[in-house]
Amino acid sequence: QVQLVESGGGLVQAGGSLRLSCAGSGRIFSGYAMGWFRQAPGKEREFVAGIRWSGVNTVYGDSVKGRFTISRDNANNTVYLQMNSLKPEDTAVYYCASSSVGWVQITATSYDYWGQGTQVTVST
């Protein structure tokens, strides 16, 4: 079964940290670039971070640079998003996605498979 499953979301105070995980089936993980996107109510889906299939190259959205870190464990088909110094404006549903292109893409339409999303809420 082809799927991506996110976990790790929750409620955290501003300034706190969370780590999101996304477990994928091998068929849509090996050789694929992985990305994290987020969508807040009433807003468009926003690119957060992406990582090349090799793990060597990473790209971040401007709003999270210096605070978030993406990484991947190819042996376990898992990608992570470490989120530090969280702000209320980081509140959104976070989605992981995989792209058969292999290198990092920043547009949602470049991704082939998506998880169901995990809610992150940052309180003041």
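Quick note: structure is the one above.
Cut-offs and rules
Residues numbered from 1 in each chain as written. Predicted model: local features only at pLDDT ≥ 70, side-chain atom pairs only at ≥ 80, totals over all residues. Heavy atoms only, no water. Buried < 20%, exposed > 50% of the residue type's maximum accessible area, 1.4 Å probe, protein only. Helix = DSSP H or I, 4+ residues; strand = E, 2+ residues; numbered from the N terminus. Pairing = 2+ DSSP bridges. Axes fitted to C-alpha atoms, helices over the stretch in contact; angles between N-to-C directions. Salt bridge = Lys/Arg side-chain N within 4 Å of Asp/Glu carboxyl O.

## Some thoughts on the pairing of strand β7 (residues 68-73)
Right, on to step 1. Burial along β7 is one-sided: the residues Phe68, Ile70 and Arg72 are buried and none of Thr69, Ser71 and Asp73 is.
Right, on to step 2. Both β7 and strand β8 (residues 78-83) contribute to a ladder of 6 bridges, which runs antiparallel. Bridge pairing in β8 places Thr69 opposite Gln82.
Right, on to step 3. A loop of 4 residues connects β7 with β8, the two strands running antiparallel in sequence, and Asn77 in this loop sits at a positive phi of about 50°.

## What about the sheet that holds β7?
Right, on to step 1. Here 4 strands make up an open sheet; going across it, the order is β1-β3-β8-β7 and the pairing antiparallel. The sheet is open, and its two edges are formed by β1 (4-7) and β7, each paired on a single side. Taken pair by pair, the neighbouring strands of this sheet meet at an average axis angle of 15°, ignoring direction.
Right, on to step 2. Both β1 and strand β3 (residues 18-24) contribute to a ladder of 4 bridges, which runs antiparallel. Residue pairing for β3: Glu6 is matched across the bridge by Cys22.

## A look at the pattern of salt bridges
Right, on to step 1. Taken as a whole, this structure holds 4 salt bridges when the rule is applied.
Right, on to step 2. Between Glu46 and Arg38 there is a salt bridge, with the nearest N and O atoms lying 2.8 Å from each other.
Right, on to step 3. Looking at Glu46, the relative accessible area reads 31%, which means it is partly exposed.
Right, on to step 4. Residue Arg38 is classed as buried on the basis of its relative accessible area of 5%.
Right, on to step 5. Between Arg67 and Asp90 there is a salt bridge, with the nearest N and O atoms lying 2.8 Å from each other. Within this pair, whereas Arg67 is found in the loop between β6 (58-60) and β7, its partner Asp90 is found in the loop between β8 and β9 (92-99), the two being separated by 23 residues in sequence. Asp90 carries the same exposure label as Arg67, and that label is buried.

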